[in-house]
Amino acid sequence: MNTTTTPERPATGSGPGTTRGPRGRDGAGLLRIGLHLMLAALPLLAISAHVFGVIRMQDSAPILVIPLAAGIVALTVLAPHQGDRVIAQGMLWGVVGCAIYDGFRLTTVHVFGWWADFIPTMGTWITGDPNDMTSGAVVGYLWRYIGDGGGIGITFFAVASALGLQKCSRRTAVLAAVAFSVFPVWAGLIATVWIAPQGQTMMFPVTATTLTLSLVGHLIFGWIMGLGFHRSRAVRESWPWEPLTGSMPALPAGSARTARPALLPSPRTPHTPPAGQAIDPDTWELWRQRLEENSRARRTRSLH
């Protein structure tokens, strides 16, 4: 006996082929990203503020940076959010890029002697003891890697994800990261050293050599950060909102139910319905009618 399998009515919900509507920009998630970006900017701004004489790092570090960092870490642990994975990846690749940058920079400092290492001195701005360069080096490099490198990485990953660079080619991601590391990061550093009255005394003199070396270092940093962004699965899977550029468009809610497809899906066998979760009711009804017509035609041919 020839039997016909009747396809089940597609269930309501989301499946592999369901068209998703735009993901909502929840206020709590956006506030969290804003806090991450604020924290990411503070370590670099604290250096500039210290050099310009606005507020000492000995004060800004314990009053602003460290409490905000502790609060955000606690929030991330106690109430994790999907976007936190992107932030963590940005910080990781920022630290990696900074380490590779320092491989170049410290070679030019300690091997060739082309300029001095001001990071230990910057660390003493936080400890408050200009004579203890050992503690200054430890604190200064922690600030450099976690605060500066990690903060820049967080900022780039968040901004690039919001602009939809996770859908672009590796070349585009790397060029964007290099451009970001040059402006505003490198340009901001040079502006601080150049414009601040004590900038060249406190940090390093602005010469053709120091400009070239610092620029090359930031190009290396940007290149590593761009490669990390392109390779990161988190920026493709965990960024919780549609890009601001609209490069990942989503149909309005309900459009999948009202639009009538031009072509019907082709099932592999007459008795294998398409995935119920992947079609809308109109498509399901047309497919069901086609299946019944084909079944009746086969029964008629078998009788003759």
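Scroll up a little and you will see the structure.
A. Region of the structure containing a nonpolar patch on the surface. A contiguous nonpolar surface patch, about 740 Å² in accessible area, is contributed by Phe 52, Val 54, Ile 55, Ile 63, Leu 64, Trp 194 and Ile 195. Of all the secondary-structure elements, those providing two or more residues to the nonpolar patch are helix H2 (57-78) and helix H6 (170-195). With respect to the secondary-structure elements, Ile 63 resides in helix H2.

B. Geometry of the packing of aromatic side chains. If you walk through the whole model with that rule in mind, you get nine aromatic pairs. Between Phe 118 and Phe 204 the ring centres are 5.6 Å apart and the planes differ by 45°, which places this aromatic pair in the tilted class. Pair noted here: Phe 118 is in the loop between helix H3 (84-111) and helix H4 (119-127) and Phe 204 is in the loop between helix H7 (199-202) and helix H8 (208-231), with a separation of 86 residues, a long-range link. For the residue pair Phe 118 and Phe 204, the accessibility class agrees, reading buried in each case. Consider the rings of Phe 157 and Phe 229, whose centres lie 5.2 Å apart with planes at 85°: the pair is edge-to-face. Linking Phe 157 in helix H5 (residues 133-163) with Phe 229 in helix H8, this pair joins segments that are 72 residues apart in sequence. Phe 229 shares its class with Phe 157; the two are buried.

C. Quick peek at the environment of Ile 55. Among the secondary structure elements, Ile 55 is positioned in the loop between helix H1 (27-51) and H2. By relative accessible area, Ile 55 is classed as partly exposed at 31%. Leaving out residues up to four positions away in the same chain, Ile 55 has contacts with Ala 49, His 50 and Ser 60.

D. Seen up close, the packing of H1 against H2. Contact geometry for H1 and H2: axes closest at 10 Å, N-to-C directions at 160°. The orientation of H1 with respect to H2, classified from their angle, is roughly antiparallel. The chirality of how H1 crosses H2 is left-handed. Residues Arg 32, Leu 35, His 36, Met 38, Leu 39, Leu 42, Ala 46, Ile 47 and His 50 of H1 touch H2, and the partners they reach there are Met 57, Ser 60, Leu 64, Val 65, Leu 68, Ala 69, Ile 72, Leu 75 and Thr 76. Of the residues assigned to the contact of H1 with H2, the class counts are 13 nonpolar, four polar and one charged.

E. Empty space enclosed by the protein, seen in detail. Scanning the model with the defined rule gives one cavity of 30 Å³ or more in all. Within this model, the largest cavity holds a volume of roughly 40 Å³. Residue composition of the lining of the largest cavity, by class: four nonpolar, three polar and one charged.

F. A look at the side chain of Ser 238. In this structure, Ser 238 sits in the loop between helix H9 (234-237) and helix H10 (255-258). Using a relative accessible area of 3% as the deciding quantity, one classes Ser 238 as buried. In terms of polar contacts, Ser 238 uses its side chain to reach the side chain of Arg 85, at 2.8 Å. Ignoring anything within four residues of it in the chain, the contact list for Ser 238 reads Gln 82, Gly 83, Arg 85, Val 86 and Arg 233.

Procedures and definitions
Residues numbered from 1 in each chain as written. Predicted model: local features only at pLDDT ≥ 70, side-chain atom pairs only at ≥ 80, totals over all residues. Heavy atoms only, no water. Patch = residues over 30% accessible without salt bridge, like charges linked within 9 Å, V, L, I, M, F, W, Y side chains within 5 Å. Areas by Shrake-Rupley, 256 points an atom, 1.4 Å probe, with all protein chains shown as cover. Salt bridge = Lys/Arg side-chain N within 4 Å of Asp/Glu carboxyl O. Helix = DSSP H or I, 4+ residues; strand = E, 2+ residues; numbered from the N terminus. Phe/Tyr/Trp six-rings, centres within 6.5 Å; stacked < 30°, edge-to-face > 60°. Buried < 20%, exposed > 50% of the residue type's maximum accessible area, 1.4 Å probe, protein only. Contact = heavy atoms within 4.5 Å. Axes fitted to C-alpha atoms, helices over the stretch in contact; angles between N-to-C directions. Parallel < 35°, antiparallel > 145°, perpendicular 65-115°, else oblique. Left-handed = near helix turned anticlockwise from the far one by under 90°. Nonpolar A, V, L, I, M, F, W, Y, C, P; charged D, E, K, R; others polar. 1 Å grid on protein atoms, 1.4 Å probe; cavity = no way out; pocket = protein on both sides within 12 Å on 5 of 7 lines; lining within 4 Å. Points joined across faces, edges and corners; volume = space filled by probe spheres on them. Polar contact = N/O pair within 3.5 Å; in protein donor to acceptor, adjacent residues only side chain to side chain.

Everything listed is a geometric property; what it means functionally is a separate question.
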